[in-house]
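Topology and contacts: notes
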Amino acid sequence: MDEKLIQRLELAVTRLEALSTGSRPGGAAESGGEAAAATDPSVIAFEDLMSQYVCRVSSAAEKIGGKVLDVSKVLQEAFSVQKELLIKVKQSQKPDMAGLVEFLKPLNEVFSKASAMTEGRRSDFFNHLKSVADSLSALAWIAYTGKDCEYRNKDPNHVEWAKALKELYVPGLRDYVKSHYPLGPVWSATGKATVSAPPKAPRPSAPAPPPPPPASLFSSESPQPTSSRPKEGMAAVFQEIGSGKPVTSGLKKVTDDMKTKNRADRAGFISAGGKEGRASSPSFSKVGPPKLELQMGRKWVVENQVGRKNLVIDDCDAKQLVYIFGCKDSVLQIKGKVNTIAVDKCTKMGVVFTDVVAACEIVNCNGVEVQCQGSAPTISIDNTAGCQLYLSKDSLEASITTAKSSEINVLVPGAGPDADWGEHALPQQFVHVYKDGQFVTTPVSHSG
């Protein structure tokens, strides 16, 4: 409570200083305009927003310290910069696109500072840093006109910080924008023009290459006729063969030391120098860090999981989609109904899901197994080599689409509870016959 009181007193002092600046002799109309803009109801409401919500984030971060406190200071700096921009909006005319970029440059610099804190080696508080860096994009509302992160932890300090950060934007910033700027910032019609970005100097173009030298007009040699010119390439070979001369007369004799079996450099092993040359230039494939997270509350991302047999998603709903990318030798179980499942560029990956609302898509995979325990209206398999698809009794009416795929086997449950699964291989070769004005396509059947 004392910290909030101190913050409000500091804001009050700032307002008084702005008023006193406007009443100084020689301050001119511009200083008066700045004072009037600083005391505008929308600016005062934004200061109240900062004192109510930003201070909560800062006080919660002070209990944690470290990088969480550092990124919270960057958050406070971003809101302070936006307050200054709101004051400038009251004093300036709406700029063009180039001027708007220059106008928002201070805010973008703070965005870059927050984003830089998430780069490099992942710390224990990466979620905190990423939350602030991503949430700052909400301050970009100032660039638009017209009609156009929950943290789970048992530590109450972390929970308090995450809750304060969330309420800073909803309802804090949301209610402020709806109350004072429902159609975006209201620029002054009579204010000063904003300074546009200086035009970039044109890059000096590279000089054109000199033209090819012309043929000599004063050559004393007369051009030879086509028939008398010496032939080149295979034409010369055939000419020599047809001349009747011995073809092997110009060849060198191969001695014993020149034969492959007697040469030391062809003994069938690689010298140490050759090994070093290959080892000095290895080729690496860039693979990102493994992920299993919910993004923006709508998309589950499972990426780069290798050798993980116990991956589980159990907190999902019918509006969310699951995207599985770059996983190998792993098993993922999805408990609950989701909207869409996409398996992309996975090898020896197993996916078990209950229900899907729209479709399950398998793309660019190799040797995957997918089991549907509930219902799935559509299953799509594209550019995949090797796929075992297990269907339940509720998903037997699913529409299965395949393209550029091979070794696709569909297993369906037997008639009884103890019956074996029935395996059906989907055809990958077809015969197209033109008949009665159109092509008739039938799968190729192999009979023994």
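Residues numbered from 1 in each chain as written. Predicted model: local features only at pLDDT ≥ 70, side-chain atom pairs only at ≥ 80, totals over all residues. Heavy atoms only, no water.

Looking at an unreviewed UniProt entry, one finds the protein chain named Adenylyl cyclase-associated protein and attributed to Escallonia herrerae. According to the UniProt record, the Sequence similarities (unreviewed entry) comment for the protein chain reads "Belongs to the CAP family." (UniProt positions renumbered as here; feature names shortened; annotations may be inferred.)

Further remarks concern the packing of aromatic side chains. The full count for this structure, using the stated rule, is seven aromatic pairs. Among the aromatic residues, those joined into a cluster by ring pairs are F46, F79, Y169, Y176 and Y181. A cation over an aromatic ring shows up here: K299 above the ring of Y323, its NZ or CZ 5.0 Å from the ring centre. (Phe/Tyr/Trp six-rings, centres within 6.5 Å; stacked < 30°, edge-to-face > 60°. Lys NZ or Arg CZ within 6 Å of the ring centre and 35° of its normal.)

Here we come to unusual backbone geometry. Looking along the chain, the bond that leaves V170 and enters P171 is cis, with omega of 15°. For P171, the position within the fold is in helix α8 (residues 156-180). Positive phi is not limited to glycine here, since M296 has a value of about 55°. Counting through the fold element by element, M296 comes out in the loop between β1 (291-295) and β2 (299-303). At D436, a residue that is not glycine, the phi angle is positive and equals roughly 55°. For D436, the position within the fold is in the loop between β13 (430-435) and β14 (438-443). Judged by its relative accessible area of 73%, D436 is exposed. (Helix = DSSP H or I, 4+ residues; strand = E, 2+ residues; numbered from the N terminus. Buried < 20%, exposed > 50% of the residue type's maximum accessible area, 1.4 Å probe, protein only.)

This part is about the confidence of the model for the protein chain. For the protein chain, mean pLDDT is 78; residues scoring 70 or higher make up 69% of the total. When the elements of the protein chain are averaged for pLDDT, helix α10 (residues 272-279) gives the smallest value, 43, and strand β7 (residues 366-372) the largest, 95. Within the model, pLDDT remains below 50 along residues 22-29, and this stretch shows three contacts once partners closer than five positions in the same chain are excluded. Within the model, the stretch residues 267-285 combines pLDDT values under 50 with one contact to residues more than four positions away or in other chains. (pLDDT = per-residue confidence, 0-100. Contact = heavy atoms within 4.5 Å.)

The subject of this paragraph is a nonpolar patch on the surface. A cluster of nonpolar side chains, V431, V433 and V444, forms an exposed patch at the surface whose accessible area comes to about 190 Å². Taking relative accessible area as the criterion, V433 reaches 43% and is therefore assigned partly exposed. (Patch = residues over 30% accessible without salt bridge, like charges linked within 9 Å, V, L, I, M, F, W, Y side chains within 5 Å. Areas by Shrake-Rupley, 256 points an atom, 1.4 Å probe, with all protein chains shown as cover. Salt bridge = Lys/Arg side-chain N within 4 Å of Asp/Glu carboxyl O.)

Another point: the nonpolar core. By size, the foremost hydrophobic cluster in this structure holds 43 residues, and its most contacted members are L75, F79, L136, W161, L168, L173 and Y176. If you list the elements that add at least two residues to this core, you get α3 (41-64), α4 (66-91), α5 (97-103), α6 (105-116), α7 (126-135) and α8. By residue number, the principal contributor to this core is α4, which donates 10 residues. L168 has contacts with L49, Y53, V54, V57, L75, F79 and L173, leaving out every residue within four places of it along the chain. (Core = buried A, V, L, I, M, F, W, Y, C linked by side-chain atoms within 4.5 Å.)

Along its 12 residues, α6 runs 16 Å from first to last C-alpha, staying within 8% of the 16 Å computed at 1.5 Å per residue. Contacts made by the buried residues of α6 are with α4 and α7. (Expected span 1.5 Å × (residues − 1).)

With the rule as written, the count across this model stands at eight salt bridges. When the shortest N-O distance is used, the salt bridge between E47 and K83 registers 2.9 Å. Placement of E47 in helix α3 and of K83 in helix α4 is noted, with a sequence separation of 36 residues between them. The pair formed by E47 and K83 is uniform in burial state, with each residue classed as buried.

An ideal rise of 1.5 Å per residue puts 36 Å on 25 residues; α8 measures up with 34 Å between its terminal C-alpha atoms. Taken as a whole, α8 carries its principal kink of about 30° at E167; the proline P171 stands between one and four residues after it. Within α8 the residues assigned to the buried category are H158, W161, A162, A164, L165, L168, Y169, G172, L173, Y176 and V177. In this fold, the buried residues of α8 make contact with α3, α4 and α7. (Bend = angle between axes of the 7 residues up to and from the residue.)

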